[in-house]
Amino acid sequence: MQPVVRVTIVGSGSGGNATLFESGGTRVLVDAGLSARRVRNTVRDVLHLSLDSLDGIVLTHAHGDHVGHAARVSKVLRARVWITPETQKRIQLPAVVPTRSYARKSRFRIGGLKFDSSPVPHDAPQVALVVRDQHDCVGIVTDLGRIPKSLPKHLARCRTLLLESNHDLELLRMAPYPAFVRNRIAGVGGHLANEQTAALLSALRDGPLERVVLMHLSQKANSPAKAARVAREALGPDVEILVAAQDRPLVLEGTASAQLSLAL
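Residues numbered from 1 in each chain as written. Predicted model: local features only at pLDDT ≥ 70, side-chain atom pairs only at ≥ 80, totals over all residues. Heavy atoms only, no water.

1. A look at the sheet that holds strand 12 (residues 211-215)
Taking strand neighbours across the sheet as the criterion, the 7 strands line up as 7-8-9-10-11-12-13 in an open arrangement whose pairing is mixed. What marks the edges here is a single partner per strand, and that holds for strand 7 (106-110) and strand 13 (240-243). Sheet twist, expressed as the mean angle between neighbouring strand axes with direction ignored, is 20°. Judged from the 5 bridges that link them, strand 11 (residues 160-164) and strand 12 form a sheet pairing that is parallel. Directly across from Leu 161, in strand 12, lies its bridge partner Val 212. Relative to the sheet, helix 8 (residues 194-204) contacts strand 11 and strand 12, its axis offset from that of strand 11 by approximately 160°. Each of strand 12 and strand 13 touches helix 9 (residues 224-235); the most contacted strand, strand 13, lies at about 160° to it. (Pairing = 2+ DSSP bridges. Helix = DSSP H or I, 4+ residues; strand = E, 2+ residues; numbered from the N terminus. Axes fitted to C-alpha atoms, helices over the stretch in contact; angles between N-to-C directions. Contact = heavy atoms within 4.5 Å.)

2. Quick look at the side chain of Arg 6
Among the structural elements, Arg 6 can be located in strand 1 (residues 6-11). The exposure class of Arg 6 is buried, given its relative accessible area of 17%. Within polar-contact distance, the side chain of Arg 6 engages the side chain of Glu 253 at 3.0 Å. Arg 6 has contacts with Leu 20, Phe 21, Glu 22, Leu 47, Leu 49, Val 251, Leu 252 and Glu 253, leaving out every residue within four places of it along the chain. (Buried < 20%, exposed > 50% of the residue type's maximum accessible area, 1.4 Å probe, protein only. Polar contact = N/O pair within 3.5 Å; in protein donor to acceptor, adjacent residues only side chain to side chain.)

3. Re the packing of aromatic side chains
According to the stated counting rule, one finds 3 aromatic pairs in the structure shown. Geometrically, the ring pair formed by Trp 82 and Phe 108 is stacked, given 4.9 Å between the ring centres and 15° between the ring planes. Note that Trp 82 is positioned in strand 5 (residues 81-83) and Phe 108 in strand 7, a separation of 26 residues in sequence. Relative accessible area serves as the criterion here: at 10%, Phe 108 is assigned to the buried category. An angle of 40° between the planes, with centres 4.7 Å apart, marks the rings of Tyr 102 and Phe 108 as tilted. As far as burial versus exposure is concerned, Tyr 102 and Phe 108 are alike and both buried. What links up through ring pairs into an aromatic cluster is the set Trp 82, Tyr 102, Phe 108 and Phe 115. (Phe/Tyr/Trp six-rings, centres within 6.5 Å; stacked < 30°, edge-to-face > 60°.)

4. Here we look at the environment of Ser 165
Here Ser 165 shows up in the loop between strand 11 and helix 6 (169-174). The exposure class assigned to Ser 165 is buried, which follows from its relative accessible area of 1%. Expressed as a C-alpha distance, the spacing of Ser 165 and Asp 31, which sit 134 residues apart in the sequence, is 18 Å. Beyond its immediate chain neighbours, meaning those up to four positions away, Ser 165 contacts Leu 192, Asn 194, Thr 197, Leu 214, Met 215, Leu 217, Asn 222 and Ala 227. Within the local environment of Ser 165, its side chain forms a polar contact with the side chain of Asn 194, the two groups lying 2.7 Å apart.

5. Notes on unusual backbone geometry
Located in the positive-phi region is Gln 92, a residue other than glycine, with phi close to 50°. As for its position among the elements, Gln 92 is in the loop between helix 4 (85-91) and strand 6 (99-101). Overall, Gln 92 belongs to the exposed group, its relative accessible area being 64%.

6. Considerations on helix 8
Of all the residues in helix 8, the buried ones are Asn 194, Thr 197, Ala 198, Leu 200, Leu 201 and Leu 204. Here the buried residues of helix 8 occupy an arc of 160° about the axis, which is enough to place them on one side. For helix 8, the secondary structure elements touched by its buried residues are helix 5 (151-154), strand 11, strand 12 and helix 9. (Arc of directions from axis to C-beta.)

7. Notes on the environment of His 216
With respect to the helices and strands, His 216 occurs in the loop between strand 12 and helix 9. Considering only alpha carbons, one finds His 216 and Glu 164, 52 residues apart in sequence, at a separation of 5.5 Å. Side-chain polar atoms of His 216 contact the side chain of Asp 65, separated by 3.3 Å.

Printed below as a string of structure tokens:
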């Protein structure tokens, strides 16, 4: 496998989310739930590059762990923010932040990267994104409570898929959350259980999928081992399975995947 789009997952989880996509000199950050300093330091320490600007920031939905640092990252890295009208109404970015609107079901281009967006169910209007260049196709899908019928087709061309596998149902039942929080997580407006993630992966098994990164794992209601086991049962032995972390960046480049522990 030799993907052209380089993906750097700066962090993934309820503590903050940001993922950098690069191709042909274009750099786009999907979500800005982590600080500009964290993003820049990750690029410096992991990729050994200086990050002074971005070609764009694409926000998926209005929750703070995905948009909480958007205004600051936009200012520091001199980037326009791409945002749906539904999200813009909810977060009210400062007027000085340059923005461009995209529809939840749309196609748009930022430099050398093409984006296809499709709505998915969550308790804030949310999108699944497919990111493409001339040769590669990567999907990123987190924060959804169920799999809509349209999603497998939306992701059918992806060779790499970054996909939420938030919780184990039994661990969620025992998690130290109030009942309403457990119900919200498990509901249509919440997050995917490992088994729901596996069902989607099974639907994609006969396509070009070569690598899956399990995203947005709950630290109290899941474990990397459980999530990976269920995904492996769905995919078989031929697809690489990785697990993203909140505090360790993960780089997907060429045939190698590297997850590092950095003092960020």
